[in-house]
Structure formats: C-alpha cells, structure tokens
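Spelled out, the chains give:
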Amino acid sequence: MPTLTNKRVLLGITGGIAAYKCAELSRLLIKAGAEVRVVMTRAAREFVTPLTMQALTGNRVHLDLLDADAEAAMGHIELARWADLVLVAPASADFLARAAAGRADDLLTTLLLATSASVAVAPAMNQGMWSDPATRRNLDALQARAWRVFGPAEGDQACGDVGPGRMLEPAELLESCAGLFAGEPLAGRHLLITGGPTREAIDPVRFLSNHSSGKMAYALAAEAAAAGARVSLVSGPVALPAPERVARIDVVSAEQMRAAVLERIGDADVFIGVAAVADYRPAQAAVEKMKKNEREMRLELVRNPDIISEVAGLAERPFVVGFAAETADLLANGREKLERKGLDLLFANDATGTFDSDEVAATAIFAGGELEIPRSRKEAAARKMLALIAERLPAAAAST
Ligand code: C5P
C-alpha cells in the first residue's frame, strides 16, 4: 500500500471539472498517512466548495492572498514552508501558463514561487488545449524547474472529445505522490524511541533521577518524523514540548517506561533507547512523606529492568540502537555495552557537558566498525544517526 506517513501535502485545486475528484484524492492522501491542507483558486470554487474540502481534511481551506485574517493564521510563506509536497490537481491550462510565467497573482502561484518543497502537477484539460504548442512550452518550462508532471491520461473527456487530457484517477495520483518519497528509507517505518530521565520515587515528594534533558531523543523523534517515519516517543519527565507529528507517551519511572515500550514494540521496525533510565530504584517507596528525625538515612535500592536488553532479547525484535554516555574509555566501554546488551548499533558520547547541551559529538559503534559524528547541533547529529540507522536497517532486517 502506498505510504505518505507524516508527509505534509498541500493540495492546490484549480478550475476544471476534474476538481470534483479532489474530494476522493484528499481522502486517499490522508488514509496513506499524509496531513493535507488545501489551497483553491477562485475558479476551483465554481466546481467544488471549500466547505467540502475543509470537512474532508479537517483544516481550513486557504483561498486568498490578500486576506488579512487568513494571512494572520497561516500566510503564504508559512504554507510554502509547511509543505513537503505541493500537488496541483487538477492543473488547468491557465494555471500552467501563469506558473510557467512565474506569476504571483494569487495564493497558489505565489506560494509555489516561495516553496522549496517538491512540486507535482496533474494536468486536466481538453485534448486540443493539451496538444497546443503553448501548453507544451509551459510544461517544458515547469519541468525545467524540476516540477513533476503526473499524467494526463487518454480517454473520454467531459466535453465529449476523446484524447489526452483526462486527470489521472485519485488512486494513481496517490501512487505517484508516494513514489516521490519511496527512496526515503525510513518512510512508513515505525520507530519507537525512549528519552529523558526516569524518576524513582523515595516517598510521595522525593525521587532519584539524573540530569537528562531529553534533547537528543526529541531531536531524533522530530527528524525521524520529518523523514516519513511513524514515531512513538516514550518520554520521562522533561521540559520539552512534543515534537510535531510524533506520538508522545509520558511516563515517570523505569518500570512504567518498560511497560510502555513492551506494549508498543510488536510492530516497531527500530527501537532507539536514548533514555537515561535510572539503574536503581528504592526497594520500597514510602507511602507517607518521610520525616527527618534521624541523623542518618539509608535507602535500600534494587536494580531496575534493563529495557533495551529486554527488547534486544525478544524473539521477534526490531533493529535495536543504544546510547552510552561515558566519562572514561568511551570506545571500549561502548563496544562492551553493544555486545553485552545485544545491540545492532550504539552511539557513545562523552557524558561531561552533553546532558543539557544543544550540541553533541558521538561515535557510532557497530559489529563491523566505528564512525565519528563530529560535534554539531543535536538536530544535525540526529539526521546523521538516522541515516546510519537507515543504511544498516535492511541488512539487519534480512538477518532476523
Ligand atoms: O545506562 P547504560 O549506559 O547501560 O545505558 C546504555 C543504553 O541502555 C541506553 O540506550 C539506555 O537507554 C539503555 N538502558 C535501558 N534500561 C536501563 C538502563 C539503560 O534501556 N535500565
């Protein structure tokens, strides 16, 4: 089944009878995992109503360039930045001419000039208009700007003619859109990520924990979602907002984190354990707040479950990636952890100064070797880490 997991598709509808097929098209795009926003030209509104498209996509339809209210909500530049793909379907002969000329006289043409997203058009027009040299020239000019042209198909036309100019069917357009992202190795994969610290209760007001900020896990989750993965982020208590397009599951203790992970591991393709899970917890959390009557206090601690080892030991296991923050002998300790815990890949980093930092340097350690990830912002490092995971994924999947 074609997938568009987490992709943001801006559907531009121009004025043609094939516009009626956009209701079905938007439904299929959403079913494939995409978030859809719709921009309609004035002529498009003669064929299908904005209310129909709003009801189907769950988002307000964008209509005018010079509308102060609309621009305040999500203006043309925000829309241009928001999209991963702009699909214009149907693309009328007039729209193709205006776009080829680089005009910016309505919302759709303007945002198309501003966007760095992929652009695809699905032409729909009378066969004579399609064959006209002017339309051919316009198409050539748009293809030279790396725009993709989906269709048109040949056959019966609404005007009674027979020939090329029919818009592709919604299912065919969905296939073509998904094909644009099919080369992305994480597209449609389920990534389960743990992040942040855990808190182990001593009594109702006190706990044991650590300095983990969750920034690395959140950066990985955000970048994976942007790469088309379905992302579940099991997070200990942190001060960060949930990344867009990511399902966050909040937990507090290591035992809760373990339960949340095991509940979701069944269909995960990749597990990334970034969380700084507390190794020990108080043997018993006091029910009432403990009084400070004594000069000394002793806490009896018991080992917490090692979540990542448990995941790596499952009969049906995903590709398992660990993190190791070390203060000494980074590589030796890292490799020992990779082997002892049965991981596919481990990122080792120096624990001093990385916990609350926006930057990280790490060494990727795997069975066949090592790779340096030079110090950079956690978002950039996350992209490199995900590329490495994606590269190693098929081999590991084939071996299980
Ligand atoms: O704490 P340690 O250095 O052993 O952590 C290495 C890896 O193991 C990390 O990926 C961490 O998320 C994971 N881990 C875990 N459960 C624990 C301890 C660590 O999943 N109880």
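Quick caveat, the model's predicted, so the values are computed rather than measured.

Quick word on the overall build of the protein
- For the protein, the count of helices and strands is 14 helices and 19 strands.
- Taken along the three principal axes of its C-alpha coordinates, the protein extends 90 × 50 × 35 Å.
- Here the protein holds 400 residues, and 48% of them are scored as buried.
- When contacts within the protein are restricted to residue pairs at least 6 apart in sequence, those whose partners lie at least 24 apart make up 68%.
- Roughly 19,100 Å² of accessible area belongs to the protein as shown, and the carbon and sulfur atoms make up 50% of that amount.
- For the protein, the distance from the average site of its 44 positive side-chain charges to the average site of its 51 negative ones is 3 Å.

Structural notes on the sheet that holds strand 3 (residues 85–91)
- Here 5 strands make up an open sheet; going across it, the order is 2-1-3-4-5 and the pairing parallel. Each of the sheet's edge strands pairs with one partner strand only, and the pair in question is strand 2 (35–40) and strand 5 (148–149).
- Inspection of the sheet shows strand 3 paired to strand 4 (residues 118–123) by 5 bridges, in the parallel sense. Following the sheet pairing, leucine 85 is matched in strand 4 by serine 118.
- Its contacts with the sheet place helix 6 (residues 107–114) against strand 1 (8–13), strand 2, strand 3 and strand 4, and it is angled at close to 145° to strand 3.

A short note on the packing of aromatic side chains
- Here the structure, examined in full by the defined rule, presents 2 aromatic pairs.
- Residues phenylalanine 95 and tryptophan 147 carry aromatic rings whose centres are separated by 6.5 Å and whose planes lie at 20° to one another, so their mutual orientation is stacked. One end of the pair, phenylalanine 95, is in helix 5 (residues 93–100); the other, tryptophan 147, is in the loop between helix 8 (133–144) and strand 5, with 52 residues separating them in the sequence. The pair formed by phenylalanine 95 and tryptophan 147 is uniform in burial state, with each residue classed as buried.
- Between the aromatic rings of phenylalanine 323 and phenylalanine 347, the centroid separation amounts to 5.3 Å while the plane-to-plane angle is 45°, which identifies the pairing as tilted.

Some words on the site of the ligand
- The local shell around the ligand holds 13 residues, among which Gly273, Ala275, Pro305, Lys337 and Lys341 are the closest.
- Interatomic distance of 2.9 Å between a backbone N/O atom of phenylalanine 323 and an oxygen atom of the ligand.
- At 2.4 Å from an oxygen atom of the ligand is found a side-chain nitrogen or oxygen belonging to lysine 337.
- Considering the ligand on its own, with 440 Å² of exposed area, one finds that the protein chains cover 88% of that surface.
- Counting only elements with at least two residues in the shell around the ligand, the list comes to helix 12 (307–312), strand 16 (319–326) and helix 13 (330–341).

Considering the confidence of the model for the protein
- Summing up the model confidence of the protein, the mean pLDDT is 94 and the portion of residues at 70 or higher is 98%.
- Counting contacts from residues 395–400, a segment whose pLDDT is below 50, to residues more than four positions away or on other chains yields 1 contact.

Overview of the packing of helix 5 against helix 8
- Where helix 5 meets helix 8, the axes come as close as 9 Å, and the angle between the chain directions of the two elements is 50°. Here helix 5 is positioned oblique relative to helix 8, judged by the angle of their axes. Once helix 5 is placed against helix 8, the crossing between them reads as left-handed. Facing helix 5, whose interface residues are Leu96, Ala97, Ala99 and Ala100, helix 8 presents Asn138, Leu139, Ala141 and Leu142.
- When grouped by side-chain class, the residues that make up the contact of helix 5 with helix 8 number 7 nonpolar, 1 polar and no charged.

About the cut-offs
Residues numbered from 1 in each chain as written. Predicted model: local features only at pLDDT ≥ 70, side-chain atom pairs only at ≥ 80, totals over all residues. Heavy atoms only, no water. Helix = DSSP H or I, 4+ residues; strand = E, 2+ residues; numbered from the N terminus. Buried < 20%, exposed > 50% of the residue type's maximum accessible area, 1.4 Å probe, protein only. Contact = heavy atoms within 4.5 Å. Areas by Shrake-Rupley, 256 points an atom, 1.4 Å probe, with all protein chains shown as cover. Lys, Arg positive; Asp, Glu negative; His and termini not counted. Charge placed at Lys NZ, Arg CZ, Asp CG, Glu CD. Pairing = 2+ DSSP bridges. Axes fitted to C-alpha atoms, helices over the stretch in contact; angles between N-to-C directions. Phe/Tyr/Trp six-rings, centres within 6.5 Å; stacked < 30°, edge-to-face > 60°. Near = heavy atom within 4 Å. Polar contact = N/O pair within 3.5 Å; in protein donor to acceptor, adjacent residues only side chain to side chain. pLDDT = per-residue confidence, 0-100. Parallel < 35°, antiparallel > 145°, perpendicular 65-115°, else oblique. Left-handed = near helix turned anticlockwise from the far one by under 90°. Nonpolar A, V, L, I, M, F, W, Y, C, P; charged D, E, K, R; others polar.

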